[in-house]
Amino acid sequence: MTEMIYTYDGSFEGFLCCIFDSYANKEVLTAIFRDEDFAPSLFASRWIPTDRDHANRVLRKIIKVSPYTVELLQKGFLTCLPEKEIHLYRLVVKLLREGPGFLRNFSDETLYPVITAVRHLNGEAHLLKGFVRFSDLGGVLGGEIEPKNRVLPLLRSHFCARYQNERFFLYDRTHKEALFYAAGKAVIRPLEDFQMAPPDQAEANYRILWKRFYDTIAIKERYNPRCRMTNMPKRYWGTMTEFQDERYFTVPDSPAAAPAPAVPDGRSAPGKLPGPGPSGPGSAL
């Protein structure tokens with residue numbers, strides 16, 4: 001068997017095609033890189049194009065052996081696990097070679113890093129269901145998050161059900177993608193550049209009220225910053241209303257400095273979802 005490095009387009013389907021090609025060409029993979037992350041090396045490498053038929057064949061085979069593994073792969077692909085592709089590839093190789101028995105052993109050296117990363121993903125998504133703060137931007141709710149994992153596919157059903165009669169977007173600063181929802185439909189799209197519109201007077205007043213409520217319910221005698229950071233980790237504070245500085249609660253002085261509420265790139269707030277375009281990896285989950 002030949003050792004090889006594969007590069008692919010970064011999509012989940014592209015990753016499945018890497019698995020397909022490794023078996024079709026009898027090649028053992030030592031690394032799998034997204035195209036933008038690949039650096040030339042002395043080892044043999046090859047670009048793997050995404051073929052939906054090949055991806056579906058791999059998916060059907062995995063489902064036949066272990067339906068649970070498909071969910072593990074889909075969620076594992078959304079995690080921030082370093083070199084996640086090669087970890088997921090080795091998981092599939094072991095599954096097809098030995099069967100699903102090892103999946104019951106969480107200490108298994110192939111399963112452990114994946115299952116740990118998926119737990120972290122699920123935990124972060126759970127926390128963000130309570131930590132997301134939306135602003136009213138001309139009738140459209142807008143929010144930002146800065147997660148370690150790609151949690152938007154996991155948050156989609158929660159917020160679409162919670163705000164089913166609203167229009168909203170949620171921007172992931174870390175992974176440069178956004179969830180858009182309107183009229184009962186939701187999509188996740190790549191979004192490289194984003195600038196949240198400044199608040200109008202009504203939105204600024206709501207922010208002040210929320211901050212005042214947060215400060216008022218605090219019990220001074222029971223102040224415990226360590227406990228607060230345990231239940232509300234500090235890395236989430238950057239996008240939470242109650243931890244912002246004075247500028248966040250102030251309407252810009254001049255009309256020129258305060259453009260009308262808008263969504264990214266200065267476009268007017270959408271009455272419908274963005275048109276067809278490339279989906280962010282994993283957005284079909």
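These remarks concern the structure in this document. (Residues numbered from 1 in each chain as written. Predicted model: local features only at pLDDT ≥ 70, side-chain atom pairs only at ≥ 80, totals over all residues. Heavy atoms only, no water.)

Focus on the overall build of the protein chain
Scanning the protein chain from N- to C-terminus turns up eight helices and eight strands. Burial analysis of the protein chain (285 residues in total) assigns 44% to the buried set. Sequence-distant contacts in the protein chain: of pairs separated by 6 or more residues, those separated by 24 or more amount to 70%. Element-wise, carbon and sulfur atoms account for 54% of the exposed surface of the protein chain, whose accessible area totals about 16,000 Å². (Helix = DSSP H or I, 4+ residues; strand = E, 2+ residues; numbered from the N terminus. Buried < 20%, exposed > 50% of the residue type's maximum accessible area, 1.4 Å probe, protein only. Contact = heavy atoms within 4.5 Å. Areas by Shrake-Rupley, 256 points an atom, 1.4 Å probe, with all protein chains shown as cover.)

As for a nonpolar patch on the surface
Taken together, the side chains of Trp 210, Phe 213 and Ile 217 make up a nonpolar region of the molecular surface, amounting to roughly 300 Å² of accessible area. One can find Trp 210 in helix α7 (residues 201-217). (Patch = residues over 30% accessible without salt bridge, like charges linked within 9 Å, V, L, I, M, F, W, Y side chains within 5 Å. Salt bridge = Lys/Arg side-chain N within 4 Å of Asp/Glu carboxyl O.)

Observations concerning the side chain of Glu 27
Residue position: Glu 27 is located in strand β2 (residues 27-34). Owing to a relative accessible area of 9%, Glu 27 belongs among the buried residues under this scheme. Reaching out from Glu 27, the side chain makes a polar contact with the side chain of Tyr 6 at a distance of 2.3 Å. Not counting the four nearest positions on each side in its chain, Glu 27 is found in contact with Met 1, Thr 2, Met 4, Tyr 6, Asp 21, Ser 22, Arg 46 and Tyr 89. (Polar contact = N/O pair within 3.5 Å; in protein donor to acceptor, adjacent residues only side chain to side chain.)

Some details on helix α5 (residues 112-131)
The terminal C-alpha atoms of α5 lie 28 Å apart, and with 20 residues this matches the ideal 28 Å at 1.5 Å per residue to within 8%. Buried within α5 we find Pro 113, Val 114, Ile 115, Ala 117, Val 118, Leu 121, Glu 124, Ala 125, Leu 128 and Phe 131. The elements touched by buried residues of α5 are α3 (67-76), α4 (84-98), β5 (140-145), α6 (152-162) and α8 (225-231). (Expected span 1.5 Å × (residues − 1).)

Concerning the packing of α5 against α6
It is at 10 Å that the axes of α5 and α6 come closest, and there the two elements cross at 20°. As summarised for this structure, α5 and α6 are arranged roughly parallel, according to the angle between their axes. Crossing of α5 against α6: the hand is right-handed. Contacts from Leu 121, Asn 122, Ala 125, Leu 128 and Lys 129 of α5 reach α6 at Leu 154, Leu 155, His 158, Phe 159 and Arg 162. (Axes fitted to C-alpha atoms, helices over the stretch in contact; angles between N-to-C directions. Parallel < 35°, antiparallel > 145°, perpendicular 65-115°, else oblique. Left-handed = near helix turned anticlockwise from the far one by under 90°.)

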